Structures are given as structure tokens and as C-alpha cells.
Amino acid sequence: MPDLTNIHNLKMEYKHIENSQTDWYPNGIVGCDEETFLRNNKGANKSIFASLDINQDGYITEQEYQQSCAMDVNNDGTVSKEERDNACMEQMKFFARRDIDKWFKVDKNRDGFSSNVEWQSWLTYTKNGKTLEGSMSNEALSKKYNMKEEILEDMQSWLDSGIESLKYDAKRMYGVELSQKQIIEIKKEQMKQLNTWLLKEGDNEDSSFYQQLNIDAYTRLMSTIDNEACCGGDICEFSNFSPSNLEKNGKYTAEEMKARLAWAENSYLVDDNGKTVYDENGQKIPAKMMTPKQVEMYKEIVESVTGKPWDSNGWEVSEKEWGIISEKINGTYGDDTRLEGKTRADIPQNRQALLRFLEEKGWLYEQFK
């Protein structure tokens, strides 16, 4: 008889959870309720179910079960408090870094402030994703929107809001109440990423894909699980390949990578409410989600990692190579060592406004003073 105190031995029977459709899981979420869990795992008790039902909603979802198994790093069949805290903090620190990167998706001129023009751009290419505005400068956007640019706020409120979101995520995803010590660690991660941004030169059409792509195109380039939108964008249209093939086969083929790019680049026109627009014949109207330069940038990133020409056949992308491609798409490749040995003299001209902002806030690292 299997040891039912070992979480890896449990039998999970998943059913669709009513009203579980979200932006991230457009086809809904499946989960195992307590009655089904206890019936399939005779001898297990309710405390095991409760420990796996991380958000305490009455279901163990596939995601919760897989996450619990992943947290068991010493593979002893249980998740200790230390393992749970470590897994939680690793994820929260990642989220903290991404939240800084997300700020600069709004703050397009990287001066530490958000303006009415920048927020209009953010709302346009996140709510109506099939647009190409992410690579436009503030000046070009001001002209397009016929708006005089005005400062609305600095990033302090964004950072404070980010901490509150992380406290919620830690509880929801890991069942962890963040301590004051843990919150301080996370704030240090925010400061580290802010100082790292002093050395990231690319802006507008030379910025990372994360910074300039609309949310739909970015999501299609990055999703690795079938029917699961990694970043909240639209993945519902037919892709001609399975994003989960990386996990199933340990690789993506050249044909799959090309199908992914076509999926991200090409879509259909939508209105301001996100509804598909049809022509007089009832046909969907094609729309581009990536500029020609963005398409070429993606090909160059893949070529730089695989060492193979994009237009050739037979090449593959391994899991390790996909990780590097993802970091380059996100603009985080090299972040781990970007600050090493750098001084104020290394900060480029287009980051002087951010330098002044961090200095005034008292957030500047000593190496840049």
C-alpha cells in the first residue's frame, strides 16, 4: 500500500471548477475536491488535503499540486516550512524584479515618473492588444493622441502597491504570511533591479520585447503550456503548434518556432472593447501585432542562441536554450552580473534622468555615488 503521507504518491482526480475561467487560464481551471481526494486516497486525512489546497478554496488545482511537489526539493514526500518559505521568496523576488520592469513598460522615457501620455499608451496596448504602439516614443505618442504630456506620479506608489500585491500572492500561491524581514528582503530586490536599470540602454524600438510588445504578442511568444496564457494576453486563436511541446519533448523544432512567431505576429482586428471586427462579408479583418523590426529582432535572438540561420531547417531549441531566449526577450539576460564593477561613469546619457531620480530618493547604490 502506498505511503499516503508522501505527496508524490497521491492520486489526483481533476474536474472542471465552475466559473474558473481567467485571463491566464482561458479554458478554465480543473481541481480535485476534498470528497474526491479522500475517496481516491483511502488512509489520507483532511490535513493533507488542506496543506495542498494552498488558497483554501476547497479544491486542489493542478497548479497547486504541481507546485507543492516542486517545493519538495529534498524529495522526502513532504513540504517543510523552510522549503515553502524558500520557494515563496524565490518567486516573490522574481515578481519584485518583474514589477520594476513593468514600471518601465509604463515609464517609457525612464525618468522615474509616469505621465498621462505614458498611461494612455499602457492602457491602449494592454486593453486593445492588437496595436503597434509599444515601440513609439513619448513625443510620438503625444502627437498621436494630441495630448500635452503631464507628470502624474512617481514610482513610489507603484512600489508600495507592488509590496501589497506580493503579500497577497505569497498567501494565495504558497500559504505564506510574509514577515517584516521577508518584506525587507523583497524591497532590497526592488532596489537592486532599479539600479540595474541604470545600465540598460535600449529604449523604444531598441528596448526589450517585454518593454515594447503589446500583451497579446508577448504572451504568444512566451507561453509554454497549452491553453494557458502566461501573461494575461490572448492565446485563444489557433497556433498551429503546441506550446507544451517543450515540456513533452524537451525541445521546440524549427517548424514550431516559426509557427510561434507567425502566431504572435498575425491576428485579427479588434475594437476598443476587445471584440473581433468583421468586414461586410462577415470575415475577420487581419491585423499585425508586431512590426517588421520586431519580427527581425526575434529571429536574431533565436539565431544568437541556436547558432543556426532562422530560414534554415532541422535546427531545434532545447529547454536550456529556451531559457536563454526567454531572458533575452525579457531584457534580463546578464542582469545577474550587470552591476559588477560598474561606477557612475558607466551610466549612459539616456539614464541620467533615472540616476537623478534614484539619487534624490536615496535609492542609489553606493557604487554610483
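Residues numbered from 1 in each chain as written. Predicted model: local features only at pLDDT ≥ 70, side-chain atom pairs only at ≥ 80, totals over all residues. Heavy atoms only, no water.

Trainee: Report on the packing of aromatic side chains, specifying residues and quantitative values.
Mentor: Evaluation of the coordinates by the stated rule reveals 15 aromatic pairs. Relative to Trp-122, the ring of Trp-119 has its centre 6.3 Å away and its plane inclined at 80 degrees; by these criteria the two rings are edge-to-face. In this pair, Trp-119 and Trp-122 both sit in helix α5 (residues 116-127), 3 residues apart, roughly one turn of the helix. Above the plane of the ring of Tyr-333 lies Lys-328, whose end atom (NZ or CZ) is 5.0 Å from the centre. (Phe/Tyr/Trp six-rings, centres within 6.5 Å; stacked < 30°, edge-to-face > 60°. Helix = DSSP H or I, 4+ residues; strand = E, 2+ residues; numbered from the N terminus. Lys NZ or Arg CZ within 6 Å of the ring centre and 35° of its normal.)

Trainee: Could you give an account of helix α7 (residues 156-174), naming the residues involved and the relevant values?
Mentor: If you check α7, its first and last C-alpha atoms are 26 Å apart, about what 19 residues at 1.5 Å a residue would give, namely 27 Å. Elements that come into contact with the buried residues of α7 comprise α3 (62-71), α4 (81-106), α5 and α8 (180-196). Taken from the residues just after α7, Gly-175 is the one with a positive phi, measuring 70 degrees. (Expected span 1.5 Å × (residues − 1). Contact = heavy atoms within 4.5 Å.)

Trainee: I'd like a rundown of the layout of surface pockets, residues and numbers included.
Mentor: Space inside the second largest pocket adds up to approximately 380 Å³. Along its surface, the second largest pocket is lined by 20 residues, and Lys-130, Asp-216, Gly-233, Asp-234 and Gly-274 are the ones closest to its centre. At the level of secondary structure, the elements contributing two or more residues to the lining of the second largest pocket comprise α5 and α10 (215-222). By residue class, the composition of the lining of the second largest pocket is 5 nonpolar, 9 polar and 6 charged. (1 Å grid on protein atoms, 1.4 Å probe; cavity = no way out; pocket = protein on both sides within 12 Å on 5 of 7 lines; lining within 4 Å. Points joined across faces, edges and corners; volume = space filled by probe spheres on them. Nonpolar A, V, L, I, M, F, W, Y, C, P; charged D, E, K, R; others polar.)

Trainee: Go over the sheet that holds strand β1 (residues 15-16) with me, naming the residues and quoting the values.
Mentor: Strand order in this open sheet of 3 strands is β1-β2-β3, and the pairing throughout is antiparallel. At either end of the open sheet lies a strand with only one pairing partner, and these are β1 and β3 (59-61). Sheet strands touched by α3: β2 (30-33) and β3. Its angle to β3, the strand with the most contacts, is close to 70 degrees. (Pairing = 2+ DSSP bridges. Axes fitted to C-alpha atoms, helices over the stretch in contact; angles between N-to-C directions.)

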